[in-house]
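# Tertiary structure, described
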Amino acid sequence: VQGSESRGGSSGINAEYGRNKPDLKIGSLVFAKVIAANKDVEPELSCVNKNGKSNGLQVLEGGHLISCSLGLCRKLRQPTTPLTAPLIAHFKLFELVVGMNGRVWIHSDSVKHTLCISMYLGRCEYLPEEELMPLLKDIVKRVESSA
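Remember, predicted model here, so these are calculated numbers, not experimental data.

All chains considered together, the criterion is met by one aromatic pair. With a centroid separation of 6.5 Å and an interplanar angle of 75°, the aromatic rings of phenylalanine 91 and phenylalanine 94 are classed as edge-to-face. Overall, the relative accessible area of 3% leaves phenylalanine 91 in the buried class.

Right under this line is the structure:
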């Protein structure tokens, strides 16, 4: 939770990890649901859903975190969004974790690919579908030529 310190002692984290609960430090990146938030107390986070399953809620290791608009986050979370099609077609291995707080975590098999994905996400939101693949190809070409 940006601007807040979370101690990681919530029941949701305990339930998911049991005895192997991760040692969360200030600055750890966690994809979690906010259970309770109040200006007078620490936020309570959970890494499990109501059925006790993680469903992708987890501590995020490595990767790169970017900020983007809430509108882009909503578009990226849609199952049939055209915004991810060029990424899926071009990159073999990558992960996107999209929060509803304007944050997107990117992890891929190389730093160059992560940079390309980050640059693409920063520019793709308002483009028509037919311009998405040319945009990605241009970004990849520029990143590859700068090395």
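Segments scoring low in pLDDT should not have their predicted coordinates read at a detailed level. Averaged over every residue, the pLDDT of the protein is 84; residues scoring 70 or more account for 84%. Note on residues 1-12: pLDDT is under 50 here. Beyond four places in sequence and across chains, it has 24 contacts.

Following the sequence through the fold, serine 118 ends up in helix H4 (residues 111-123). What serine 118 contacts, discounting residues up to four positions off in sequence, is His64, Ile66 and Ile106.

Enumeration according to the criterion identifies zero disulfides in this entry. This cysteine, cysteine 68, is not joined by any disulfide, and cysteine 73 carries the nearest cysteine sulfur, 3.6 Å off. Judged by relative accessible area, cysteine 73 falls into the buried class, the value being 0%.

In this structure, Leu76, Leu87, Phe91, Val104, Tyr120, Leu121 and Cys124 are the most contacted members of the largest nonpolar core, which totals 22 residues. Tallying contributions element by element places helix H5 (residues 132-145) first for this core, with six residues. Among all residues touching leucine 87, those that are not within four sequence positions of it are Phe94, Leu96, Ile117, Tyr120, Leu121 and Leu136.

Rules used in this analysis
- Residues numbered from 1 in each chain as written.
- Predicted model: local features only at pLDDT ≥ 70, side-chain atom pairs only at ≥ 80, totals over all residues.
- Heavy atoms only, no water.
- Phe/Tyr/Trp six-rings, centres within 6.5 Å; stacked < 30°, edge-to-face > 60°.
- Buried < 20%, exposed > 50% of the residue type's maximum accessible area, 1.4 Å probe, protein only.
- pLDDT = per-residue confidence, 0-100.
- Contact = heavy atoms within 4.5 Å.
- Helix = DSSP H or I, 4+ residues; strand = E, 2+ residues; numbered from the N terminus.
- Disulfide = S-S within 2.5 Å.
- Core = buried A, V, L, I, M, F, W, Y, C linked by side-chain atoms within 4.5 Å.

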